[in-house]
Amino acid sequence: MHPIERLRYLARSSGADQRVLVSETADALRALRFDPAGLVVSCRRIVERHPTSGPLWWLCAHLLTSTDPASTARELAGEIELDPTPDHLVEALPDGATVCLVGWPDLAGEAVLQRGDLDVLAVDAFDQGSSFVRRLQRNEVSAEVVEPSGIAAAVMASDLVLVEAVAAGPADVLAVRGSRAAASVAWVAGVPVWTVVGRGRCLPVTAFDSIVGTVVNGPDVRVPWDAECDTVPLGLASFIASPAGVQAAADVVLAAECPLTPELLRSRRN
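Residues numbered from 1 in each chain as written. Predicted model: local features only at pLDDT ≥ 70, side-chain atom pairs only at ≥ 80, totals over all residues. Heavy atoms only, no water.

> Hey, could you go over the sheet that holds strand β7 (residues 193-196) for me, with residue numbers and the actual values?
Paired through their backbone hydrogen bonds, the strands of a sheet run either parallel or antiparallel. Read across the open sheet, the 7 strands follow the order β3-β2-β1-β4-β7-β9-β10; overall the sheet is mixed. Here the strands that pair on one side only, and so sit at the sheet edges, are β3 (142-146) and β10 (245-248). When the angles between neighbouring strand axes are averaged without regard to direction, this sheet yields 25°. Pairing of β7 with strand β9 (residues 239-242) involves 3 bridges; the strand directions are parallel. Following the sheet pairing, Thr195 is matched in β9 by Ile240. Its contacts with the sheet place helix α7 (residues 106-115) against β2 (119-123), β4 (160-164) and β7, and it is angled at close to 135° to β4. (Pairing = 2+ DSSP bridges. Helix = DSSP H or I, 4+ residues; strand = E, 2+ residues; numbered from the N terminus. Axes fitted to C-alpha atoms, helices over the stretch in contact; angles between N-to-C directions. Contact = heavy atoms within 4.5 Å.)

> Lay out the pairing of strand β8 (residues 229-233) in plain terms, naming residues and giving numbers.
In terms of burial, β8 is a largely internal element, 4 of the 5 residues being buried. With 5 bridges joining them, strand β6 (residues 172-176) and β8 adopt antiparallel strand pairing. Bridge pairing in β8 links Leu174 to Thr231. (Buried < 20%, exposed > 50% of the residue type's maximum accessible area, 1.4 Å probe, protein only.)

> So what about the pairing of β10? Which residues, and what values?
With 4 bridges joining them, β9 and β10 adopt antiparallel strand pairing. Looking across to β10, one finds that Ala241 is bridged to Val246. Between β9 and β10, which pair antiparallel in sequence order, lie 2 residues.

> Please provide a residue-by-residue account of the state of the cysteines, values included.
Here the structure, examined in full by the defined rule, presents 0 disulfides. Residue Cys100 stays outside any disulfide, its sulfur separated by 17 Å from that of Cys229, the closest cysteine. Unpaired in this structure, Cys202 has its nearest cysteine sulfur neighbour in Cys258, at a distance of 9.3 Å. (Disulfide = S-S within 2.5 Å.)

> Which residues make up helix α8 (residues 128-138), and what values go with them?
Taken as a whole, α8 has its buried residues at Gly129, Phe132, Val133 and Leu136. Relative to the axis of α8, the buried residues are bounded by an arc of 100° and lie together on one face. For α8, the secondary structure elements touched by its buried residues are β1 (98-102), α7, β2 and β3. Just past α8, the residue Glu140 takes up positive phi, approximately 60°. (Arc of directions from axis to C-beta.)

> Lay out the packing of helix α3 (residues 36-49) against helix α4 (residues 54-64) in plain terms, naming residues and giving numbers.
Direction vectors running N to C along α3 and α4 enclose 170°, while the axes themselves pass 10 Å from each other. By the angle between their directions, the pair α3 and α4 is classed as roughly antiparallel. Listed contacts from α4 to Leu39, Val40, Cys43, Ile46 and Val47 of α3 are Leu56, Trp57, Cys60, Leu63 and Leu64. (Parallel < 35°, antiparallel > 145°, perpendicular 65-115°, else oblique.)

Geometry only, nothing functional implied.
Take a look at the structure:
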């Protein structure tokens, strides 16, 4: 496939694992060997088509500020493929715990699949919960899909709730719709909330606010409950799982992993 066609395919794709999406995008951009103007256009189009992807913003922000984009793309693809966050989760999750999560999270999903001894309650989101549960059951993991109307009951029946960030700022994370409800019920009920913030999710405040403005408060969101994602305050989290390990939320400060790039911000305003 020609690199241009590959980029078009990636721009149209949805529901892909964020690590795969970043790796494939980095490979396609490297193959094009764009001049600076061409690289800006390509990065803008990618983040416009994937407005909920913090890792793609992270990748593009680094490429647009790099003196050697090809080498940077290779390094970043390697970093996200080797993200240790799932491994930290595998080690830290309590034995035999009942875990509630929303949709089909990339990193948390990998962790519960590897563990095998957990009972998983997957709240359906965008018809991903059912597919995720079937994947778990094929690997002999105890799992059940929960309709969104049962989210409170599922949380109350769980030992902990996993909320996976698709992007993160210093005070909030962006997560699939239903995550804030799950985290809020858990906080009130005293059920621990583990917020999962993988490699490439932590963005500069202005970049995070731009994503929230598009995905949660943007002109295409007719009513708030139609938004694709929720903002979830980090104040609801008991623990944060990141490449640094699983730590008490009070001990963690989420710092931006990439520079702020006005070129990408302008693409959101146009």
